[in-house]
Amino acid sequence: MFYLYNLLDPTLEPLDPQVPLIFGAGILTGLVPSAARGNATSWSPETRVIMDSNAGDYFPSFLKLNDIDHLIIYGLPTEWTMLVIKKGEITFHSAKKYLGLDNIDLRHQVAEDLDGIWVRNLAMVNITRAGENLVKTSGIMAGPKSIFARGATGAKMGSLRLKAVVTDGVINYNPKSAKGEDIKPYNRHIAETLLETSVVKNALSKRGTPFLYKPSRLLGAMGTFNHQETTWTDALDAENIDPYRSGMAGCFRCPVNCRPLNDLKQEGKGDRYDAGDGPEYVTLGKFGPDIGIKDPKQVIRLNNICNDLGFDTASMGSTIAWAMELFQRDIINKNTTGGLELEWGNAELVEKLLFITSRREGFGNVLAESASAVDAGYYPKEALKYRMAVKGLMQSDPHDSRILKGFALGLAVATRGMDHLRNRVTLEINAKINDDPAYKTKLYGGKVSGEPNSYEGKDVAVRACENIFAVGDAVGMCRFTTKLFNSPNLPGYEEFAQQIENLTGLKFTEKELDGVGLNIMGLERLINHRLGISRNGDTLPERWFEEEIKVGPYKGEKIDRKEFENMLDRFYQISKLDKNGLPRLEWRKELTKVVKGFCITVKMPD
Ligand code: SF4
């Protein structure tokens, strides 16, 4: 964010090659168990607010172990380019021969050309045809499945005519501490903490994130048919994915191995999409209930296709679900879809939609605009009423958050748009914590109601989550294994501070790290403000204010506008933000001084 704040020229357009794409590795990336993550940051072509997307696998770690913390890329080369990083040196190569290749073929070809082996010495970030075609649901692939997904990262990389960045080897696998000591003993402590945590031991390591589907379905909070309904079949519960799980995989130096692999074997179609990596809970939700598919085999196949075509499954699935509802309501018809009948639950049709979107062919050119199809003139204004997006970003979380007010607030205020990974108070669905008010107060540093559908104190919980998750991203820790996301017992400020000190010699208190998280959010809001977004962007899809949940224990629930605005006011108050959602003047001065080195305040006469 520091670099983006300084390098962004808001008079340009997001796809202008002078708007930089920044790959960043965290302070602990590649060095600490489960700190395998890095960010891709820019101005989003999908949302026109900040683009800040996180991924793992091996590239962020190998970048860091090549002694590179940030890679800032801008400008337009005369031909498509691939960067190769070896021993910390970057060389430029023509990527002409790789044009038109999607993920599977590209990975195969690059490994052959560089005579290397993935995860042993090679790691890569790359775009697919969708990125080359500036599709706004395209991501930057970071492995067979891992992806910098959110905000059209693929289109941004495509705008730079950059097909791939490859790391070939590392400089040093085992850096020492700042005092020249071995960092392994404390790493062992972190790894043990991870593996002893119940949610890791019993769910993430065994099945990966699909374990989340069932509780959400039972609660009646599963976004279905583009959130017209909120519960769906038990056929997609994680145990029904089990027969197709061929193993588990993971990121560099992560003992959790949370990624389920799949193999449809004889139940597949006998092509390259019979086996792959995933699905995650997000993909399960978006390509299951959200578009009306019940068969796990079909969801798995669509997941494998998305991995090859380089799609953000959250934006792609939501975009298709939105189009299907518009078709159902006659807001669009076959004239818009090029003759296609957009029928719920038709997996063959969805498969076709994915391919034509990656090529921007026919109706695929409309879907390629993601949430901005109205602005692009393809859909009428009325379509916005059914769009599940905030700040122009389609919803990532399959949960329907009309019940869970903490989730709803998080989705509204997330700086990159409607995304759960920035601040979701996942533990709101943990009955044990909800039943222990004293523990819950201690956990979030303030009183938070134990009722999931109450508005009381949810601002406090979102604030705590947003701070620690921002710090987690900054150090490179995976969200799944950061305290408060899946469990209160996972590594948090204490462990981050200890390893930052070990590695750099810099000392931080837990309170200071919490302040760093707040500063990151403040800076992101200042950037968004330059891009025209402030309180007007901190809202929710209209449907959640207007339509009640029809099933389950919370039947009748929706978001009350007045309660929501009050909750937002309280959130701003504890976040040092003014009524407009911007850092208050004194804090703004401090932030500006840090990122710019100076600050000028102009006082207007009363
Ligand atoms: S928990 Fe899963 S996604 Fe996170 S770093 Fe480990 S293997 Fe990767």
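Preceding this section is the structure that the text describes.
Residues numbered from 1 in each chain as written. Predicted model: local features only at pLDDT ≥ 70, side-chain atom pairs only at ≥ 80, totals over all residues. Heavy atoms only, no water.

Undergrad: What should I look at first to understand the overall build of the protein chain in this one?
TA: Along its length, the protein chain carries 24 helices and 15 strands. Principal-axis analysis of the C-alpha atoms gives the protein chain an extent of 65 × 60 × 55 Å. Of all 606 residues assigned to the protein chain, the portion counted as buried reaches 62%. Contacts spanning at least 24 positions in sequence make up 67% of the contacts within the protein chain whose residues lie at least 6 apart. (Helix = DSSP H or I, 4+ residues; strand = E, 2+ residues; numbered from the N terminus. Buried < 20%, exposed > 50% of the residue type's maximum accessible area, 1.4 Å probe, protein only. Contact = heavy atoms within 4.5 Å.)

Undergrad: What exactly am I supposed to notice about the pattern of salt bridges here?
TA: Pairing is possible between side chains of opposite charge, provided their charged atoms come close. As enumerated under the stated definition, the model contains 51 salt bridges in all. Its salt-bridge partner being Arg-129, residue Asp-102 comes within 2.6 Å of it at the nearest N-O pair. You can see Asp-102 sitting in the loop between strand 6 (89–94) and helix 3 (103–114) and its partner Arg-129 sitting in helix 4 (residues 129–132), a full 27 residues away along the chain. Taking the relative accessible area as the measure of exposure, Asp-102 reaches 5% and is therefore buried. Across the pair Asp-473 and Arg-479 runs a salt bridge, and its minimum N-O distance is 3.0 Å. As far as burial versus exposure is concerned, Asp-473 and Arg-479 are alike and both buried. Salt bridges linked by common partners bring Lys-269, Asp-271, Arg-301, Glu-348 and Glu-351 together as one network. (Salt bridge = Lys/Arg side-chain N within 4 Å of Asp/Glu carboxyl O.)

Undergrad: Is there a simple way to think about the packing of aromatic side chains in this case?
TA: Between two aromatic rings, the relevant description is the distance of the centres plus the angle of the planes. Overall, the coordinates contain 16 aromatic pairs when judged by the stated rule. Ring geometry for Phe-62 against Phe-252: centres 5.5 Å apart, planes inclined by 80 degrees, an arrangement best described as edge-to-face. Residue Phe-62 is found in helix 2 (residues 59–64), and its partner Phe-252 is found in the loop between strand 11 (245–249) and strand 12 (259–263); the two are separated by 190 residues along the sequence. Exposure class is identical for Phe-62 and Phe-252. Each is buried. (Phe/Tyr/Trp six-rings, centres within 6.5 Å; stacked < 30°, edge-to-face > 60°.)

Undergrad: Sorry if this is basic, but what is going on with unusual backbone geometry here?
TA: What is expected of a backbone is that most residues other than glycine have negative phi and most peptide bonds are trans. A cis amide bond links Gly-278 with the next residue in sequence, Pro-279, at an omega value of 5 degrees. In the Ramachandran plot, Ala-152 falls in the positive-phi region, its phi being about 65 degrees despite a non-glycine side chain. Note that Ala-152 resides in the loop between strand 9 (147–148) and helix 5 (153–159). Ala-152 sits in the buried class, given a relative accessible area of 1%. With phi around 55 degrees, Ser-370 is a residue other than glycine that occupies positive phi space. Accessibility expressed as a relative area gives 0% for Ser-370, which makes it buried.

Undergrad: What am I meant to see in the sheet that holds strand 2 (residues 38–43) here?
TA: Sheet strands pair by backbone hydrogen bonding; their relative direction is either parallel or antiparallel. Strand order in the open sheet made by the four strands is 3-2-1-4, with antiparallel pairing throughout. Two strands lie at the open edges of the sheet, namely strand 3 (50–55) and strand 4 (70–73), each paired on one side alone. Strand-to-strand twist of the sheet, defined as the mean angle between neighbouring strand axes without regard to direction, takes the value 15 degrees. Here strand 1 (residues 21–25) runs beside strand 4; their pairing, made up of four bridges, is antiparallel. Looking at the pairing, Ile-22 lines up with Ile-72 of strand 4. (Pairing = 2+ DSSP bridges. Axes fitted to C-alpha atoms, helices over the stretch in contact; angles between N-to-C directions.)

Undergrad: Would you explain the packing of helix 11 (residues 296–309) against helix 14 (residues 347–359) in this entry?
TA: For any two helices packed against each other, the geometry comes down to the angle between their axes and how far apart the axes lie. Helix 14 packs onto helix 11 with a crossing angle of 5 degrees between their chain directions and a minimal axis gap of 10 Å. The orientation of helix 11 relative to helix 14 falls into the category roughly parallel. For the pair helix 11 and helix 14, the contacting residues are Gln-298, Arg-301, Leu-302, Ile-305, Cys-306 and Leu-309 in the first and Ala-347, Val-350, Glu-351, Leu-354, Phe-355 and Ser-358 in the second. (Parallel < 35°, antiparallel > 145°, perpendicular 65-115°, else oblique.)

Undergrad: Hey, could you run me through the nonpolar core in this one?
TA: Here is a general trend for soluble globular proteins: nonpolar side chains tend to be buried in one another's company. Core analysis: the largest hydrophobic core is formed by 119 residues, its most contacted members being Phe-23, Ile-140, Val-165, Tyr-444, Leu-484 and Leu-540. Ranked by residue count, the leading element in this core is helix 19 (residues 458–475), at nine residues. Contact partners of Leu-484, with chain neighbours within four places excluded, come to Thr-426, Leu-427, Leu-443, Tyr-444, Ala-464, Cys-465, Ile-468 and Phe-469. Within the second largest apolar cluster, 55 residues are counted, among which are Val-135, Leu-236, Ile-356 and Val-374. (Core = buried A, V, L, I, M, F, W, Y, C linked by side-chain atoms within 4.5 Å.)

By themselves these figures say nothing about function.
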